[in-house]
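# Reading the structure
The primary structure of each chain is shown beneath.
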Amino acid sequence: MHRNFGLSQINKIYIFNILMIQYDKIKIVTSIDYISNINTSEFLTNLMNDEVLYYKYHQEAPYSLIIIVDYRKNELTIEFTGKILKESYYKLISEDTIRMCFDNINHLGLCTLDTEAIIHNSQVVKCDVTKDIKGQKIDSITSTIRQNLSNYNKWSIKRYNGGIVVEKVVSTPKYKRRLTIYDKGKEINKISNKSFVDSLKNSRFVTEYFDNIVRFELNLNAMYQIRQLLNIPNNNLINVLRASTNPILTVIDEAVKYVPQQHKAQTLRDYEHELLLKDCDYDMVKVEAKVRALSSKNTSITRMMQPYKELYKRLQDNKASTIDIRALVA
């Protein structure tokens, strides 16, 4: 019988998760000495003159996993996503779960990995830093970011999976920034994730956990990027897992210039109306008094006040929907 998780239990797990750095994908390179008992029937074999150059295993469902045993370089490359944690996917990849990741690979019967040796003797060449935010509307977050980019020439925004991708426009890979923001609750229920959800013993808990979650995912695809944004001296796996910085916040600070309750006038007339609203402390009684004082006796005050009322409503709506993105990811 599967354990039933209530809302309070889900919230406790969520609070625990946000206290540490987490990853939804990681690619590591280590020594070929740390893999044994390779089930070659499950691997693609690349030969040259009857000599094995490398073995490669690749699967995309129910989760992504790549294992490359390269005899030319004497290297073992392993790349996997957080879904390898199965029912514990919500915990993502972290120092607390990394052993579980390798244990789950070992349980597949593909090979035997020396977990401790890999943890302490590996280099991270790619990773996706991940932060899940609960209780926020994806539309409000993306709208706020769209309206408050720090530099529209240096940063671009593209639609992605019901959310957005914020990218820094640079030609050098190590200076690139790519932050994806999307509705994880909707994404986990898409047909592309059906094989993963169906493979779980308690799929209901996993899908309920991600309900109303907005995911921030920062792609670090260069070793220099990883060291710089995680503020670590080298790319050792253990250093990556123990990083104490907040690289997503760093990128938000670069990309978004947040101004609370910001409103951008769309026309000159809007701007003129807003100046009067501001002069009257956004008090509509004062605004009407000013309009009456400056209008002729035959002027329809109702008609004159209409654009001020409409602008005031837009300002209030803007105030309600504007979110401090920095505070969300801090």
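Structure: above.
Here's what I pulled together on the structure shown here. (Residues numbered from 1 in each chain as written. Predicted model: local features only at pLDDT ≥ 70, side-chain atom pairs only at ≥ 80, totals over all residues. Heavy atoms only, no water.)

So, on to the overall build of the protein. Helices and strands together make up the secondary structure of the protein, namely 14 helices and twelve strands. Taken over C-alpha atoms, the radius of gyration comes to 26 Å for the protein, far larger than the 20 Å a tight globule of 330 residues would show. Taken along the three principal axes of its C-alpha coordinates, the protein extends 100 × 50 × 30 Å. Classification of the 330 residues of the protein by burial places 45% in the buried group. Looking at the protein alone, contacts between residues at least 24 apart form 65% of all its contacts between residues at least 6 apart. Carbon together with sulfur atoms contributes 48% to the accessible area of the protein, which is approximately 17,800 Å² in total. (Helix = DSSP H or I, 4+ residues; strand = E, 2+ residues; numbered from the N terminus. Rg over C-alpha atoms; globule rule 2.2 N^0.38 Å. Buried < 20%, exposed > 50% of the residue type's maximum accessible area, 1.4 Å probe, protein only. Contact = heavy atoms within 4.5 Å. Areas by Shrake-Rupley, 256 points an atom, 1.4 Å probe, with all protein chains shown as cover.)

Once that is clear, we can look at the nonpolar core. Judged by nonpolar contacts, the single largest core of 66 residues is most densely connected at Y23, L65, I67, I78, F80, F102 and F216. Per element, the largest residue contribution to this core is five residues, and it comes from helix α10 (residues 247-255). Other than its neighbours up to four places away in sequence, L65 contacts Y57, H58, Q59, I78, E79, F80, I84, I105, L108 and L110. By size, the runner-up hydrophobic cluster in this structure holds eleven residues, among which are Y89, L200, Y209 and F210. (Core = buried A, V, L, I, M, F, W, Y, C linked by side-chain atoms within 4.5 Å.)

Where nonpolar side chains cluster on the molecular surface, the patch consists of V170, Y175 and Y224 and spans about 240 Å² of accessible area. Within the secondary structure layout, V170 lies in the loop between β10 (163-168) and β11 (178-183). Given a relative accessible area of 35%, V170 falls into the partly exposed group. (Patch = residues over 30% accessible without salt bridge, like charges linked within 9 Å, V, L, I, M, F, W, Y side chains within 5 Å. Salt bridge = Lys/Arg side-chain N within 4 Å of Asp/Glu carboxyl O.)

On to helix α8 (residues 223-230). Looking at α8, one finds that the buried residues are Q225, I226, L229 and L230. Looking straight down α8, one finds that the buried residues subtend no more than 100 degrees of arc, so they occupy a single side. Tucked inside the fold, the buried residues of α8 contact β1 (22-31), β8 (122-134), β12 (213-220), α9 (237-241) and α10. Residue N231 follows α8 closely and has a positive phi angle near 55 degrees. (Arc of directions from axis to C-beta.)

Turning to the layout of surface pockets, a few remarks are in order. By volume, the largest pocket amounts to about 530 Å³. Contributing to the lining of the largest pocket are 26 residues, with D24, T81, K83, Y160 and E187 lying nearest its centre. Listed by contribution, the elements that provide at least two residues to the lining of the largest pocket are β1, β6 (75-81), β11, α5 (184-188) and β12. The greatest single-element share of the lining of the largest pocket, amounting to three residues, is contributed by β11. In terms of residue class, the lining of the largest pocket is made up of seven nonpolar, eight polar and eleven charged. (1 Å grid on protein atoms, 1.4 Å probe; cavity = no way out; pocket = protein on both sides within 12 Å on 5 of 7 lines; lining within 4 Å. Points joined across faces, edges and corners; volume = space filled by probe spheres on them. Nonpolar A, V, L, I, M, F, W, Y, C, P; charged D, E, K, R; others polar.)

Before going further, it helps to spend a moment on the packing of aromatic side chains. As enumerated under the stated definition, the model contains twelve aromatic pairs in all. Taken together through their ring pairs, the aromatic side chains of Y89, Y90, F196, F205, Y209 and F210 make up a single cluster. Stacked on the ring of Y224, the Lys or Arg K174 has its end atom at 4.9 Å from the ring centre. A cation sits over an aromatic face here: K184 above F210, 5.6 Å from the ring centre. (Phe/Tyr/Trp six-rings, centres within 6.5 Å; stacked < 30°, edge-to-face > 60°. Lys NZ or Arg CZ within 6 Å of the ring centre and 35° of its normal.)

A few words now on the pairing of β6. Within a regular strand, the side chains alternate between the two sheet faces. The buried count for β6 comes to six of seven residues, which makes it a mostly enclosed element. Where strand β5 (residues 65-70) lies against β6, six bridges are found, and the strand directions are antiparallel. Residue pairing across strands places V69 opposite L76, the latter belonging to β6. Hairpin connection, β5 to β6: the antiparallel pair is bridged by four residues, and N74 has positive phi, about 60 degrees. (Pairing = 2+ DSSP bridges.)

Looking now at the state of the cysteines. The full count for this structure, using the stated rule, is zero disulfides. Distance from the sulfur of C127, which forms no disulfide, to the nearest cysteine sulfur (C101) is 13 Å. What makes C127 buried here is its relative accessible area of 1%. (Disulfide = S-S within 2.5 Å.)

On to the side chain of D128. Mapped onto the secondary structure, D128 falls in strand β8. The side chain of D128 is buried and forms no salt bridge, while K25, the nearest opposite charge, is found at 4.8 Å. A polar contact of 3.0 Å, which involves the side chain of D128, links it to the side chain of N219. (Lys, Arg positive; Asp, Glu negative; His and termini not counted. Polar contact = N/O pair within 3.5 Å; in protein donor to acceptor, adjacent residues only side chain to side chain.)

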